[in-house]
Amino acid sequence: MPLYTTQPLKIYNSLSGEKEDFKPIHDGNVGMYVCGPTVYSNVHLGNVRTFMSFDVIFRYFLHLDYKVRYVRNITDVGHIVDDVDEGEDKIAKKARLEQLEPMEVVQRYTVDFHNILKAFNFLPPSIEPTATGHIIEQIEIIKKIIDKGIGYVANGSVYFDVVKYNETNNYGILSGRNIDDMLANTRDLDGQSDKRNPQDFALWKKAEPEHIMRWPSPWSDGFPGWHLECTAMSTKYLGNHFDIHGGGMDLKFPHHECEIAQNEACTGQAPVNYWMHANMLTLNGKKMAKSTGNNILPGEILSGDNNILSKPFSASVTRFFMLQAHYRSILDFSDDAIVAAEKGYKRLMEALDALPNITAGSSSSIDFGAWKQLCYDAMNDDFNTPILIAQLFEAVRYINLLKDGKETISSEDLVDFKTAVNAFVYDVLGLNDDKAADADSDKLEGVVNMLIGMRNQARADKNFALSDQIRDQLIALGIQLKDGKEGTTFSIQ
(Lines give C-alpha, C1' and ligand atoms only; values in the text may rest on other atoms or scores of the structure.)
Protein backbone atom coordinates (compact mmCIF):
# COMPACT_ATOMS: atom_id res chain seq x y z
CA MET A 1 0.00 0.00 0.00
CA PRO A 2 1.51 3.40 -0.98
CA LEU A 3 2.49 5.57 1.98
CA TYR A 4 0.40 8.50 0.73
CA THR A 5 -2.77 6.52 1.50
CA THR A 6 -1.97 6.64 5.25
CA GLN A 7 -0.24 10.03 5.41
CA PRO A 8 -2.67 12.83 4.47
CA LEU A 9 -0.83 15.99 3.51
CA LYS A 10 -1.76 19.65 3.92
CA ILE A 11 -0.25 22.36 1.73
CA TYR A 12 -0.42 26.12 2.21
CA ASN A 13 -2.02 27.45 -0.96
CA SER A 14 -1.03 31.04 -1.78
CA LEU A 15 -4.21 31.30 -3.84
CA SER A 16 -6.53 30.81 -0.84
CA GLY A 17 -4.14 31.92 1.91
CA GLU A 18 -4.91 28.72 3.81
CA LYS A 19 -3.59 25.22 4.36
CA GLU A 20 -5.58 22.79 2.25
CA ASP A 21 -5.77 19.01 2.02
CA PHE A 22 -3.62 17.87 -0.90
CA LYS A 23 -5.68 16.00 -3.43
CA PRO A 24 -3.83 15.31 -6.69
CA ILE A 25 -5.70 15.57 -9.96
CA HIS A 26 -4.66 12.02 -10.83
CA ASP A 27 -4.53 9.60 -7.93
CA GLY A 28 -0.97 8.65 -6.99
CA ASN A 29 0.57 11.19 -9.39
CA VAL A 30 1.89 14.71 -8.80
CA GLY A 31 2.63 17.31 -11.46
CA MET A 32 4.82 20.14 -10.14
CA TYR A 33 6.31 23.11 -11.97
CA VAL A 34 8.87 25.44 -10.37
CA CYS A 35 10.23 28.61 -11.98
CA GLY A 36 13.95 28.10 -12.52
CA PRO A 37 16.84 30.56 -12.78
CA THR A 38 17.57 33.26 -15.33
CA VAL A 39 21.08 32.22 -16.30
CA TYR A 40 22.89 35.54 -16.70
CA SER A 41 24.99 35.34 -13.49
CA ASN A 42 26.11 32.93 -10.78
CA VAL A 43 23.17 31.47 -8.88
CA HIS A 44 22.76 33.40 -5.62
CA LEU A 45 22.07 32.02 -2.18
CA GLY A 46 18.44 33.11 -2.13
CA ASN A 47 17.82 31.07 -5.29
CA VAL A 48 19.48 28.07 -3.67
CA ARG A 49 17.16 28.34 -0.69
CA THR A 50 14.07 28.49 -2.93
CA PHE A 51 15.15 25.51 -5.02
CA MET A 52 16.15 23.61 -1.88
CA SER A 53 12.64 24.07 -0.49
CA PHE A 54 11.15 22.48 -3.60
CA ASP A 55 13.83 19.81 -3.63
CA VAL A 56 12.64 18.70 -0.18
CA ILE A 57 9.02 18.87 -1.34
CA PHE A 58 9.93 16.73 -4.37
CA ARG A 59 11.78 14.29 -2.11
CA TYR A 60 8.88 13.98 0.30
CA PHE A 61 6.38 13.28 -2.47
CA LEU A 62 8.71 10.51 -3.69
CA HIS A 63 9.05 9.20 -0.13
CA LEU A 64 5.25 8.99 0.10
CA ASP A 65 5.33 6.78 -3.03
CA TYR A 66 3.82 9.34 -5.39
CA LYS A 67 4.89 9.24 -9.01
CA VAL A 68 6.15 12.80 -9.57
CA ARG A 69 6.80 14.77 -12.73
CA TYR A 70 8.85 17.73 -11.53
CA VAL A 71 9.48 20.39 -14.18
CA ARG A 72 11.91 23.24 -13.46
CA ASN A 73 12.79 25.52 -16.36
CA ILE A 74 15.86 27.45 -17.43
CA THR A 75 15.15 31.04 -18.50
CA ASP A 76 17.64 31.73 -21.26
CA VAL A 77 15.89 34.59 -23.07
CA GLY A 78 13.31 37.32 -22.64
CA HIS A 79 13.90 38.37 -19.04
CA ILE A 80 14.16 42.15 -19.21
CA VAL A 81 16.34 44.09 -16.76
CA ASP A 82 14.26 45.22 -13.74
CA ASP A 83 11.47 42.81 -14.80
CA VAL A 84 9.59 45.36 -16.90
CA ASP A 85 8.58 45.30 -20.54
CA GLU A 86 10.98 47.96 -21.72
CA GLY A 87 14.77 47.83 -21.66
CA GLU A 88 17.47 45.27 -22.27
CA ASP A 89 17.36 41.50 -21.94
CA LYS A 90 19.51 40.45 -18.95
CA ILE A 91 21.33 37.76 -20.92
CA ALA A 92 21.91 40.02 -23.94
CA LYS A 93 23.23 42.75 -21.61
CA LYS A 94 25.68 40.33 -19.98
CA ALA A 95 26.79 39.12 -23.42
CA ARG A 96 27.41 42.71 -24.55
CA LEU A 97 29.37 43.62 -21.40
CA GLU A 98 31.56 40.50 -21.55
CA GLN A 99 31.80 40.43 -25.38
CA LEU A 100 30.34 36.93 -25.58
CA GLU A 101 27.64 35.23 -27.57
CA PRO A 102 24.41 35.13 -25.51
CA MET A 103 24.47 31.33 -25.54
CA GLU A 104 28.00 31.41 -24.11
CA VAL A 105 26.56 33.35 -21.18
CA VAL A 106 23.71 30.86 -20.89
CA GLN A 107 26.06 27.87 -20.99
CA ARG A 108 28.49 29.31 -18.45
CA TYR A 109 25.86 30.07 -15.84
CA THR A 110 23.74 26.99 -16.50
CA VAL A 111 26.83 24.88 -15.74
CA ASP A 112 27.42 26.92 -12.57
CA PHE A 113 23.79 26.43 -11.55
CA HIS A 114 23.97 22.66 -12.01
CA ASN A 115 27.34 22.40 -10.23
CA ILE A 116 26.06 24.32 -7.20
CA LEU A 117 22.87 22.29 -6.96
CA LYS A 118 24.84 19.06 -7.28
CA ALA A 119 27.16 20.20 -4.46
CA PHE A 120 24.12 20.82 -2.26
CA ASN A 121 22.76 17.34 -3.09
CA PHE A 122 19.68 18.35 -5.09
CA LEU A 123 17.79 15.72 -7.01
CA PRO A 124 17.54 16.68 -10.69
CA PRO A 125 14.04 17.53 -11.91
CA SER A 126 12.19 15.14 -14.19
CA ILE A 127 12.35 17.69 -17.04
CA GLU A 128 14.43 20.89 -17.32
CA PRO A 129 13.16 22.73 -20.41
CA THR A 130 14.57 25.99 -21.73
CA ALA A 131 12.69 29.05 -22.92
CA THR A 132 14.58 29.13 -26.23
CA GLY A 133 13.61 25.52 -26.85
CA HIS A 134 9.91 26.44 -26.75
CA ILE A 135 9.58 29.52 -28.97
CA ILE A 136 7.10 27.74 -31.27
CA GLU A 137 4.84 26.83 -28.34
CA GLN A 138 4.95 30.40 -27.08
CA ILE A 139 3.98 31.80 -30.48
CA GLU A 140 1.02 29.40 -30.66
CA ILE A 141 -0.22 30.55 -27.22
CA ILE A 142 0.02 34.18 -28.34
CA LYS A 143 -2.09 33.40 -31.42
CA LYS A 144 -4.81 31.87 -29.21
CA ILE A 145 -4.82 34.85 -26.84
CA ILE A 146 -5.13 37.24 -29.80
CA ASP A 147 -7.99 35.14 -31.21
CA LYS A 148 -9.79 35.44 -27.87
CA GLY A 149 -9.60 39.23 -28.16
CA ILE A 150 -7.34 39.64 -25.11
CA GLY A 151 -4.04 40.05 -26.96
CA TYR A 152 -3.38 42.94 -29.34
CA VAL A 153 -0.62 43.82 -31.78
CA ALA A 154 1.07 47.21 -31.65
CA ASN A 155 4.03 48.10 -33.89
CA GLY A 156 5.22 44.51 -34.13
CA SER A 157 4.88 43.76 -30.42
CA VAL A 158 2.01 41.89 -28.79
CA TYR A 159 0.50 42.84 -25.44
CA PHE A 160 -1.95 41.23 -23.05
CA ASP A 161 -4.96 43.48 -22.40
CA VAL A 162 -5.35 43.26 -18.62
CA VAL A 163 -8.45 45.46 -18.49
CA LYS A 164 -10.23 43.42 -21.17
CA TYR A 165 -9.29 40.18 -19.39
CA ASN A 166 -10.52 41.54 -16.07
CA GLU A 167 -14.01 42.05 -17.48
CA THR A 168 -14.64 38.31 -17.19
CA ASN A 169 -11.78 37.18 -14.94
CA ASN A 170 -9.94 38.37 -11.85
CA TYR A 171 -6.51 39.84 -12.53
CA GLY A 172 -5.05 39.95 -9.01
CA ILE A 173 -6.59 36.70 -7.76
CA LEU A 174 -3.20 35.41 -6.54
CA SER A 175 -1.57 38.57 -5.21
CA GLY A 176 -4.75 40.09 -3.77
CA ARG A 177 -4.30 43.25 -5.85
CA ASN A 178 -7.23 45.16 -7.26
CA ILE A 179 -7.04 46.21 -10.90
CA ASP A 180 -8.79 49.53 -10.27
CA ASP A 181 -6.32 50.40 -7.49
CA MET A 182 -3.39 49.39 -9.70
CA LEU A 183 -4.63 51.60 -12.54
CA ALA A 184 -5.30 54.50 -10.16
CA ASN A 185 -1.77 54.28 -8.75
CA THR A 186 -0.05 54.11 -12.14
CA ARG A 187 1.11 57.11 -14.10
CA ASP A 188 -0.70 57.79 -17.35
CA LEU A 189 1.01 56.53 -20.47
CA ASP A 190 3.04 59.28 -22.04
CA GLY A 191 2.10 58.50 -25.64
CA GLN A 192 5.42 56.78 -26.36
CA SER A 193 4.22 53.39 -25.16
CA ASP A 194 2.41 50.94 -27.40
CA LYS A 195 0.31 49.68 -24.47
CA ARG A 196 -3.39 50.45 -24.16
CA ASN A 197 -3.18 50.29 -20.36
CA PRO A 198 -0.22 50.70 -17.98
CA GLN A 199 -0.80 47.23 -16.49
CA ASP A 200 -0.72 45.42 -19.84
CA PHE A 201 2.29 43.15 -20.25
CA ALA A 202 4.26 41.95 -23.24
CA LEU A 203 3.58 38.61 -24.86
CA TRP A 204 6.00 39.32 -27.71
CA LYS A 205 8.49 42.15 -28.12
CA LYS A 206 9.69 43.44 -31.45
CA ALA A 207 13.49 43.37 -31.40
CA GLU A 208 15.37 46.60 -31.93
CA PRO A 209 18.11 46.43 -34.58
CA GLU A 210 20.83 45.99 -31.96
CA HIS A 211 19.01 43.18 -30.12
CA ILE A 212 20.98 39.94 -30.57
CA MET A 213 18.44 37.33 -29.47
CA ARG A 214 15.53 37.29 -31.93
CA TRP A 215 13.19 34.86 -33.65
CA PRO A 216 10.75 35.24 -36.56
CA SER A 217 7.05 35.45 -35.71
CA PRO A 218 3.84 36.49 -37.46
CA TRP A 219 4.21 39.97 -35.92
CA SER A 220 7.95 40.75 -36.10
CA ASP A 221 11.41 39.43 -35.55
CA GLY A 222 11.57 39.55 -31.77
CA PHE A 223 11.46 37.57 -28.58
CA PRO A 224 8.79 36.34 -26.13
CA GLY A 225 7.77 38.15 -22.97
CA TRP A 226 9.19 36.75 -19.76
CA HIS A 227 5.86 35.57 -18.33
CA LEU A 228 4.94 33.53 -21.39
CA GLU A 229 7.66 30.88 -21.25
CA CYS A 230 6.43 29.28 -18.03
CA THR A 231 2.88 29.07 -19.36
CA ALA A 232 4.19 27.31 -22.48
CA MET A 233 6.50 24.87 -20.70
CA SER A 234 4.26 24.02 -17.75
CA THR A 235 1.26 23.23 -19.93
CA LYS A 236 3.32 21.29 -22.49
CA TYR A 237 4.70 18.88 -19.90
CA LEU A 238 1.99 18.90 -17.21
CA GLY A 239 -1.19 19.73 -19.14
CA ASN A 240 -3.53 22.73 -19.01
CA HIS A 241 -4.46 21.86 -15.42
CA PHE A 242 -1.86 20.53 -12.99
CA ASP A 243 -1.26 20.14 -9.26
CA ILE A 244 1.48 22.51 -8.01
CA HIS A 245 3.24 25.62 -9.25
CA GLY A 246 6.06 26.98 -7.11
CA GLY A 247 8.68 29.67 -6.96
CA GLY A 248 10.10 32.46 -4.85
CA MET A 249 7.80 34.89 -3.04
CA ASP A 250 9.06 37.66 -5.33
CA LEU A 251 7.47 35.91 -8.33
CA LYS A 252 3.92 36.02 -6.98
CA PHE A 253 3.40 39.39 -8.69
CA PRO A 254 3.64 40.07 -11.52
CA HIS A 255 5.07 36.81 -12.89
CA HIS A 256 2.68 34.23 -11.47
CA GLU A 257 -0.29 36.57 -11.69
CA CYS A 258 0.43 36.99 -15.40
CA GLU A 259 0.82 33.23 -15.84
CA ILE A 260 -2.66 32.67 -14.43
CA ALA A 261 -4.07 35.34 -16.75
CA GLN A 262 -2.36 33.85 -19.82
CA ASN A 263 -3.53 30.33 -19.01
CA GLU A 264 -7.12 31.32 -18.34
CA ALA A 265 -7.26 33.49 -21.45
CA CYS A 266 -5.85 30.67 -23.56
CA THR A 267 -7.58 27.59 -22.11
CA GLY A 268 -10.57 28.99 -20.24
CA GLN A 269 -9.57 27.30 -16.98
CA ALA A 270 -7.38 27.92 -13.94
CA PRO A 271 -4.02 26.23 -14.55
CA VAL A 272 -2.98 25.21 -11.03
CA ASN A 273 -4.62 23.81 -7.90
CA TYR A 274 -1.89 24.74 -5.39
CA TRP A 275 0.39 27.79 -5.66
CA MET A 276 3.43 27.58 -3.35
CA HIS A 277 5.93 30.33 -2.58
CA ALA A 278 9.21 30.15 -0.69
CA ASN A 279 10.27 33.17 1.33
CA MET A 280 13.41 35.24 1.07
CA LEU A 281 16.86 34.90 2.60
CA THR A 282 18.52 37.87 4.32
CA LEU A 283 22.18 38.29 5.27
CA ASN A 284 23.03 39.70 8.71
CA GLY A 285 19.51 41.10 8.99
CA LYS A 286 19.61 42.96 5.68
CA LYS A 287 18.57 42.25 2.10
CA MET A 288 21.37 40.68 0.09
CA ALA A 289 22.68 43.01 -2.62
CA LYS A 290 25.88 43.05 -4.65
CA SER A 291 25.84 46.84 -4.74
CA THR A 292 26.19 47.16 -0.95
CA GLY A 293 28.61 44.26 -0.51
CA ASN A 294 26.05 42.47 1.66
CA ASN A 295 26.20 39.40 -0.51
CA ILE A 296 27.71 35.92 -0.56
CA LEU A 297 27.66 33.26 -3.25
CA PRO A 298 27.05 29.59 -2.45
CA GLY A 299 30.51 28.62 -3.66
CA GLU A 300 32.07 31.22 -1.37
CA ILE A 301 30.47 29.51 1.64
CA LEU A 302 32.06 26.21 0.66
CA SER A 303 35.49 27.67 -0.11
CA GLY A 304 35.62 30.23 2.71
CA ASP A 305 36.62 32.87 0.16
CA ASN A 306 34.53 35.70 1.64
CA ASN A 307 34.73 38.41 4.31
CA ILE A 308 31.46 37.48 6.03
CA LEU A 309 32.00 34.03 7.53
CA SER A 310 34.69 32.95 10.00
CA LYS A 311 35.55 29.77 8.04
CA PRO A 312 34.32 27.54 5.22
CA PHE A 313 31.17 25.49 5.78
CA SER A 314 30.17 22.31 3.98
CA ALA A 315 27.17 22.04 1.69
CA SER A 316 25.47 19.65 4.14
CA VAL A 317 25.88 22.08 7.05
CA THR A 318 24.53 24.92 4.88
CA ARG A 319 21.62 22.74 3.78
CA PHE A 320 20.90 21.74 7.39
CA PHE A 321 20.96 25.42 8.39
CA MET A 322 18.45 26.38 5.70
CA LEU A 323 16.05 23.56 6.56
CA GLN A 324 15.90 24.67 10.19
CA ALA A 325 13.47 27.36 9.01
CA HIS A 326 10.12 26.72 7.36
CA TYR A 327 10.12 27.45 3.64
CA ARG A 328 7.50 30.21 4.07
CA SER A 329 9.54 32.02 6.76
CA ILE A 330 12.19 34.66 6.17
CA LEU A 331 15.59 33.17 7.06
CA ASP A 332 18.54 35.28 8.15
CA PHE A 333 21.97 33.97 7.24
CA SER A 334 24.88 34.91 9.51
CA ASP A 335 28.13 33.49 10.81
CA ASP A 336 26.69 32.89 14.29
CA ALA A 337 23.66 31.11 12.86
CA ILE A 338 25.59 28.73 10.63
CA VAL A 339 28.17 28.01 13.35
CA ALA A 340 25.29 26.95 15.62
CA ALA A 341 23.81 24.88 12.78
CA GLU A 342 27.15 23.12 12.30
CA LYS A 343 27.15 22.03 15.93
CA GLY A 344 23.63 20.66 15.60
CA TYR A 345 24.48 18.90 12.34
CA LYS A 346 27.50 17.19 13.94
CA ARG A 347 25.38 16.05 16.89
CA LEU A 348 22.91 14.49 14.48
CA MET A 349 25.60 12.75 12.44
CA GLU A 350 27.40 11.44 15.53
CA ALA A 351 24.14 9.85 16.69
CA LEU A 352 23.61 8.29 13.26
CA ASP A 353 27.13 6.85 13.44
CA ALA A 354 26.23 5.20 16.76
CA LEU A 355 22.90 3.82 15.51
CA PRO A 356 24.33 0.66 13.79
CA ASN A 357 25.91 -0.37 17.10
CA ILE A 358 22.65 -0.32 19.07
CA THR A 359 21.65 -3.81 20.17
CA ALA A 360 18.06 -4.98 20.41
CA GLY A 361 16.39 -6.25 23.56
CA SER A 362 13.28 -8.28 24.14
CA SER A 363 10.96 -5.25 24.24
CA SER A 364 10.80 -1.49 23.72
CA SER A 365 10.57 0.97 26.59
CA ILE A 366 9.83 3.86 24.19
CA ASP A 367 6.95 4.15 21.73
CA PHE A 368 9.03 4.44 18.55
CA GLY A 369 5.96 4.15 16.35
CA ALA A 370 4.53 7.30 17.92
CA TRP A 371 7.84 9.09 17.34
CA LYS A 372 7.85 8.10 13.66
CA GLN A 373 4.31 9.38 13.19
CA LEU A 374 5.33 12.73 14.73
CA CYS A 375 7.97 12.98 12.00
CA TYR A 376 5.32 12.37 9.38
CA ASP A 377 2.96 14.81 11.10
CA ALA A 378 5.63 17.51 10.75
CA MET A 379 6.12 16.96 7.03
CA ASN A 380 2.40 16.46 6.42
CA ASP A 381 1.84 19.93 7.90
CA ASP A 382 2.99 21.92 4.86
CA PHE A 383 6.47 20.35 4.80
CA ASN A 384 7.48 21.63 8.23
CA THR A 385 11.20 20.81 8.20
CA PRO A 386 12.08 22.63 11.48
CA ILE A 387 9.58 20.47 13.37
CA LEU A 388 10.94 17.37 11.64
CA ILE A 389 14.48 18.36 12.68
CA ALA A 390 13.25 18.80 16.28
CA GLN A 391 11.90 15.25 16.12
CA LEU A 392 15.22 14.01 14.76
CA PHE A 393 16.97 15.49 17.78
CA GLU A 394 14.48 13.58 19.90
CA ALA A 395 15.76 10.52 18.03
CA VAL A 396 19.31 11.59 18.94
CA ARG A 397 18.25 11.55 22.60
CA TYR A 398 16.75 8.07 22.18
CA ILE A 399 19.95 6.79 20.54
CA ASN A 400 22.08 8.09 23.43
CA LEU A 401 19.72 6.51 26.00
CA LEU A 402 19.81 3.19 24.15
CA LYS A 403 23.58 3.36 23.85
CA ASP A 404 23.89 3.94 27.61
CA GLY A 405 21.48 1.10 28.36
CA LYS A 406 18.91 3.41 29.96
CA GLU A 407 16.18 2.42 27.47
CA THR A 408 15.49 -0.74 25.47
CA ILE A 409 14.25 -1.46 21.95
CA SER A 410 12.92 -4.65 20.39
CA SER A 411 14.54 -6.09 17.26
CA GLU A 412 11.46 -5.23 15.18
CA ASP A 413 11.35 -1.64 16.45
CA LEU A 414 15.11 -1.26 15.95
CA VAL A 415 14.84 -2.12 12.25
CA ASP A 416 11.89 0.28 11.86
CA PHE A 417 13.67 3.03 13.83
CA LYS A 418 16.88 2.77 11.77
CA THR A 419 14.90 2.81 8.52
CA ALA A 420 12.86 5.86 9.56
CA VAL A 421 15.83 7.88 10.84
CA ASN A 422 17.87 7.25 7.71
CA ALA A 423 14.88 7.96 5.45
CA PHE A 424 14.11 11.32 7.03
CA VAL A 425 17.74 12.46 7.29
CA TYR A 426 19.08 11.30 3.94
CA ASP A 427 16.10 10.76 1.62
CA VAL A 428 13.72 13.53 2.73
CA LEU A 429 16.01 16.28 4.04
CA GLY A 430 18.71 15.31 1.54
CA LEU A 431 21.60 15.62 3.99
CA ASN A 432 24.94 13.91 3.42
CA ASP A 433 27.41 12.68 6.00
CA ASP A 434 30.43 14.97 5.63
CA LYS A 435 32.72 12.37 7.20
CA ALA A 436 32.25 10.13 4.17
CA ALA A 437 33.11 13.06 1.88
CA ASP A 438 36.13 13.90 4.06
CA ALA A 439 37.32 10.29 3.81
CA ASP A 440 37.01 10.41 0.01
CA SER A 441 38.89 13.71 -0.01
CA ASP A 442 41.71 12.22 2.08
CA LYS A 443 41.97 9.27 -0.34
CA LEU A 444 42.08 11.63 -3.34
CA GLU A 445 44.78 13.74 -1.70
CA GLY A 446 46.84 10.61 -1.04
CA VAL A 447 46.59 9.42 -4.65
CA VAL A 448 47.47 12.85 -6.08
CA ASN A 449 50.44 13.24 -3.72
CA MET A 450 51.65 9.79 -4.81
CA LEU A 451 51.46 10.93 -8.46
CA ILE A 452 53.28 14.16 -7.58
CA GLY A 453 56.05 12.03 -6.04
CA MET A 454 56.23 9.91 -9.20
CA ARG A 455 56.37 13.07 -11.31
CA ASN A 456 59.15 14.53 -9.17
CA GLN A 457 61.16 11.32 -9.56
CA ALA A 458 60.59 11.35 -13.32
CA ARG A 459 61.89 14.94 -13.48
CA ALA A 460 64.91 14.01 -11.37
CA ASP A 461 65.58 11.16 -13.84
CA LYS A 462 65.15 13.65 -16.70
CA ASN A 463 62.19 11.61 -17.95
CA PHE A 464 60.28 14.73 -18.93
CA ALA A 465 57.88 12.87 -21.20
CA LEU A 466 56.53 10.93 -18.20
CA SER A 467 56.44 13.97 -15.91
CA ASP A 468 54.51 15.95 -18.56
CA GLN A 469 52.17 13.00 -19.10
CA ILE A 470 51.31 12.86 -15.37
CA ARG A 471 50.71 16.63 -15.27
CA ASP A 472 48.57 16.66 -18.43
CA GLN A 473 46.43 13.71 -17.37
CA LEU A 474 45.78 15.32 -13.98
CA ILE A 475 44.77 18.55 -15.76
CA ALA A 476 42.36 16.53 -17.92
CA LEU A 477 40.78 15.26 -14.70
CA GLY A 478 40.41 18.83 -13.37
CA ILE A 479 43.44 18.70 -11.04
CA GLN A 480 45.91 21.56 -11.52
CA LEU A 481 49.50 21.20 -10.26
CA LYS A 482 51.46 24.24 -9.10
CA ASP A 483 55.25 24.05 -8.72
CA GLY A 484 56.78 26.41 -6.15
CA LYS A 485 59.76 26.86 -3.82
CA GLU A 486 58.03 24.83 -1.14
CA GLY A 487 57.32 21.96 -3.55
CA THR A 488 54.34 21.01 -5.70
CA THR A 489 50.76 21.64 -4.58
CA PHE A 490 47.48 20.90 -6.33
CA SER A 491 44.03 22.38 -6.64
CA ILE A 492 40.80 20.91 -8.00
CA GLN A 493 39.26 23.08 -10.71
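One can find the structure itself at the top, above this paragraph.
Everything numeric here is computed off the predicted structure, so don't read it as measured data. (Residues numbered from 1 in each chain as written. Predicted model: local features only at pLDDT ≥ 70, side-chain atom pairs only at ≥ 80, totals over all residues. Heavy atoms only, no water.)

Time to look at the pattern of salt bridges. Tallied over the entire structure, the rule returns 17 salt bridges. Arg328 is the partner of Asp382 in a salt bridge, and the nearest nitrogen-oxygen pair spans 2.8 Å. In this pair, Asp382 is assigned in the loop between helix H12 (368-380) and helix H13 (385-403) and Arg328 in the loop between helix H10 (315-323) and strand E13 (331-333), connecting sequence segments 54 residues apart. Since its relative accessible area comes to 0%, Asp382 is described here as buried. As a salt-bridge pair, Asp468 and Arg471 come within 3.6 Å of each other at their nearest N and O atoms. With a gap of three residues between them, Asp468 and Arg471 both fall in helix H16 (residues 464-476), about one helical turn apart. On the basis of relative accessible area, Asp468 is assigned to the partly exposed category, the value being 32%. Looking at Arg471, the relative accessible area reads 30%, which means it is partly exposed. Connected via shared salt-bridge partners are Asp55, Arg59 and Arg319. (Salt bridge = Lys/Arg side-chain N within 4 Å of Asp/Glu carboxyl O. Helix = DSSP H or I, 4+ residues; strand = E, 2+ residues; numbered from the N terminus. Buried < 20%, exposed > 50% of the residue type's maximum accessible area, 1.4 Å probe, protein only.)

Across the interface, helix H1 (residues 45-63) lies against H10 with an axial gap of 11 Å and an inter-helix angle of 80°. As the angle between them shows, H1 and H10 are arranged roughly perpendicular. Every residue of H10 that contacts H1 at Leu45, Val48, Arg49, Met52, Asp55, Val56 and Arg59 is listed here: Arg319, Met322 and Leu323. Of the residues that constitute the contact of H1 with H10, the class distribution is six nonpolar, no polar and four charged. (Axes fitted to C-alpha atoms, helices over the stretch in contact; angles between N-to-C directions. Parallel < 35°, antiparallel > 145°, perpendicular 65-115°, else oblique. Contact = heavy atoms within 4.5 Å. Nonpolar A, V, L, I, M, F, W, Y, C, P; charged D, E, K, R; others polar.)

What follows is about the pairing of strand E9 (residues 242-248). Within E9, seven of the seven residues are buried, leaving the element largely enclosed by the surrounding structure. Here strand E3 (residues 29-34) pairs with E9 via three bridges, running parallel. Counterpart to Met32 in the pairing with E9 is Ile244. Sheet topology note: the E9/strand E10 (residues 272-278) ladder contains six bridges and is parallel. The residue of E10 that forms the bridge with Gly248 is Ala278. (Pairing = 2+ DSSP bridges.)

Each strand in a sheet pairs with another by means of backbone hydrogen bonds, the pair being arranged parallel or else antiparallel. The strand order E12-E11-E13 describes an open sheet built from three strands, whose pairing is mixed. A strand with exactly one partner marks an edge of an open sheet, and here the two such strands are strand E12 (286-287) and E13. Bridge count for strand E11 (residues 281-283) against E13 is three bridges, and the pairing is parallel. When the sheet's bridge partners are listed, Thr282 is paired in E13 with Asp332.

Counting across every chain of the model gives two cavities of 30 Å³ or more. Considering only enclosed or pocket space, the largest cavity measures out at about 90 Å³ in volume. Forming the boundary of the largest cavity are Arg49, Met52, Ser53, Val56, Ile57, Met322, Leu323, Ala325, His326, Tyr327, Phe383 and Thr385. Broken down by secondary-structure element, the contributors of at least two residues to the lining of the largest cavity are H1 and H10. For the lining of the largest cavity, the element with the highest residue contribution is H1, accounting for five residues. Residue composition of the lining of the largest cavity, by class: eight nonpolar, three polar and one charged. (1 Å grid on protein atoms, 1.4 Å probe; cavity = no way out; pocket = protein on both sides within 12 Å on 5 of 7 lines; lining within 4 Å. Points joined across faces, edges and corners; volume = space filled by probe spheres on them.)

Following the sequence through the fold, Gly293 ends up in the loop between E12 and helix H9 (298-303). Along the sequence, Gly293 and Gly304 sit eleven residues apart, while their C-alpha atoms lie 16 Å from each other.

It is worth spelling out the pairing of strand E1 (residues 10-13) at this point. Alternating positions in E1 separate cleanly, Ile11 and Asn13 being buried on one face and Lys10 and Tyr12 remaining unburied on the opposite face. Across four bridges, E1 lies against strand E2 (residues 18-21) in antiparallel orientation. Paired with Asn13 across the two strands is Glu18, which belongs to E2. In textbook terms, the turn of a hairpin is the stretch between consecutive antiparallel strands, and for E1 and E2 this stretch comprises four residues, one of which, Gly17, has a positive phi near 75°.

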